[in-house]
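The chain contents come next:
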Amino acid sequence: MLSIAKLPKYESYKDSGYEWLGKVPESWGLLANKHIFKIKKNLVGKRSAEYDLLSLTLKGVIKRDMENPEGKFPAEFDTYQEVESGDFVFCLFDVEETPRAVGLSPFDGMITGAYTVLEAYPGFDSHFLYYFYLNLDGKKRLKPLYRGLRNTIPKESLMSFKTFVPSLAQQQEIARFLDKKTSQIDEAIAIKEQQIALLKERKQIIIQKAVTQGLDPNVPMKDSGVDWIGEIPAHWEVIKLKHLFYEVNRRSKSGMETLFSLRMGLGLVPHNDVSDKYISAESLVGYKIVENGQVVMNRMRAAIGIFGLATGYGLVSPDYAVFDVVGDVVADYYITLFKLPLMGTQFRLASKGMGTGSSGFMRLYTDEFGDIKVANPPKEEQETLVRFIEETDKLTDLGLEHLQSQIDKLKEYKTTLINSAVTGKIKITHEMVED
């Protein structure tokens, strides 16, 4: 990465008048946006079928997939407005809460009339202006323009807002430089994200192999007799879950116990949502009691591994199933097994109700759960496998943290580079663009 501190500066600077901006190059002009942008408002009316539907997202302006739609759509698009390639799309309401309030459209299409569409006048580089306002939006620098409870920016306020702009040639150099460098940074981030995905996949493969075949590659194997399980170590047994887990159904009479919830990736944790203040003890009467060491399953989400181990006394939803472990069972070993995709498939196939997969009203009832066969290693081996899995998790997490730290630094560098370029803190030269 380029050292931003070592990049060239402009010959002289002047005070911008904005505390957050500080000084800007002496040669840069200060123009109200009404001299830079033109507001457009061309409704599509009854011609909506002729346009691609566009949307403003964190990734910028994108085309919506009308063949496989996600989210809500209006019955008619008459009030939607035209967008041409190179137009700006601003969201001027709920600005503080909107993750991305500005976009530069690479497409022709239509977008909701609630947005403001702008076109840059000749003599201005749209990509430079986009980087400038993307930088402002990232730090929510337009906050002084907000009005009302919805943090709305009136159009007249936006058009009166003054933008510092260099010459057209400098705008183009800055835009080309940032296009090149941000593309390189984004590519580096994508590689790191791919490495994260591969590391997670590798961890899953290692754990799945361990809990289905053990740790000794030289151990004698046998056919389990169950197609989806395949071969297992010869000294393991195949057993139905009902011989390992027994459902208990004790109910709270007072509702005064601590409420627990099953959370993706966290297991069974205290329920501490903001909504807690609305939960009365009376409303928790009849909830299921759970005790230390018991296994809890979300019936409707078992297929995606929503299981947890109780580490204390409390309450869980009546829709959950609570199990005591029976005989030589290490609960942590089986919770790990239950979270694997191959078990999720079996849970999904055994679930009953309306809907498909883990959606709709599919539930895994106790009888169907109990009839599923699993490979059961001796208790001592289960304990060894749990320790192995914990160590694998620890090493994987260290790798993931390192990669995520690198991604965070790349994103921070990208933000700083854009800010430095579009505010004149560094001078972009032709040689830097061509390098």
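Here, every reference points to the structure presented above.
Note that the structure is a prediction, hence the values are computed from the model and not measured.

Enquirer: Can you explain the side chain of serine 105? Please cite residues and give values.
Expert: Topologically, serine 105 is positioned in the loop between strand 9 (102-104) and strand 10 (109-111). Under the relative-accessibility criterion, serine 105 is labelled buried at 2%. One polar contact links the side chain of serine 105 to the main-chain carbonyl oxygen of phenylalanine 107, over a distance of 2.8 Å. The residues touching serine 105, leaving out its near neighbours within four places in the chain, are Leu54, Val61, Val83, Glu84, Ser85, Gly86 and Asp87.

Enquirer: Please set out the nonpolar core residue by residue, giving values where relevant.
Expert: Phe37, Phe88, Leu129, Ile174, Leu178 and Leu417 are the most contacted members of the largest nonpolar core, which totals 63 residues. Among the elements that make up this core, the one with the highest residue count is helix 7 (residues 379-422) (nine residues). With 38 residues, the next largest nonpolar core counts Ile229, Ala331, Tyr333 and Ile389 among its residues.

Enquirer: So what's going on with the layout of surface pockets? Residues and values would help.
Expert: Quantified by volume, the largest pocket comes out at close to 1000 Å³. Along the walls of the largest pocket sit 27 residues, with Leu58, Arg100, Leu134, Lys414 and Ile418 positioned nearest its centre. The greatest single-element share of the lining of the largest pocket, amounting to seven residues, is contributed by helix 1 (residues 126-138). The residue makeup of the lining of the largest pocket, split by class, is ten nonpolar, eight polar and nine charged. There is about 690 Å³ of room inside the second largest pocket.

Enquirer: Please give an account of the packing of aromatic side chains that cites residues and values.
Expert: Scanning the model with the defined rule gives 29 aromatic pairs in all. A ring pair is formed by tyrosine 18 and phenylalanine 164, whose centres lie 6.4 Å apart and whose planes are at 85°; its orientation type is edge-to-face. One end of the pair, tyrosine 18, is in the loop between strand 1 (13-15) and strand 2 (23-25); the other, phenylalanine 164, is in strand 12 (residues 162-165), with 146 residues separating them in the sequence. Under the relative-accessibility criterion, tyrosine 18 is labelled partly exposed at 27%. The class for phenylalanine 164 is buried, based on a relative accessible area of 4%. On the basis of an interplanar angle of 50° and a centroid distance of 6.0 Å, the ring pair of tyrosine 334 and phenylalanine 338 is categorised as tilted. With a gap of four residues between them, tyrosine 334 and phenylalanine 338 both fall in helix 4 (residues 331-338), about one helical turn apart. With a relative accessible area of 0%, tyrosine 334 lands in the buried category. Looking at phenylalanine 338, the relative accessible area reads 1%, which means it is buried.

Enquirer: Residues and numbers for the environment of glycine 86, please.
Expert: Considering the arrangement of structural elements, one finds glycine 86 in the loop between strand 7 (81-83) and strand 8 (88-90). On the basis of relative accessible area, glycine 86 is assigned to the partly exposed category, the value being 26%. Expressed as a C-alpha distance, the spacing of glycine 86 and valine 296, which sit 210 residues apart in the sequence, is 54 Å. Contact partners of glycine 86, with chain neighbours within four places excluded, come to Leu104, Ser105 and Ser126.

Rules used throughout
Residues numbered from 1 in each chain as written. Predicted model: local features only at pLDDT ≥ 70, side-chain atom pairs only at ≥ 80, totals over all residues. Heavy atoms only, no water. Helix = DSSP H or I, 4+ residues; strand = E, 2+ residues; numbered from the N terminus. Buried < 20%, exposed > 50% of the residue type's maximum accessible area, 1.4 Å probe, protein only. Polar contact = N/O pair within 3.5 Å; in protein donor to acceptor, adjacent residues only side chain to side chain. Contact = heavy atoms within 4.5 Å. Core = buried A, V, L, I, M, F, W, Y, C linked by side-chain atoms within 4.5 Å. 1 Å grid on protein atoms, 1.4 Å probe; cavity = no way out; pocket = protein on both sides within 12 Å on 5 of 7 lines; lining within 4 Å. Points joined across faces, edges and corners; volume = space filled by probe spheres on them. Nonpolar A, V, L, I, M, F, W, Y, C, P; charged D, E, K, R; others polar. Phe/Tyr/Trp six-rings, centres within 6.5 Å; stacked < 30°, edge-to-face > 60°.

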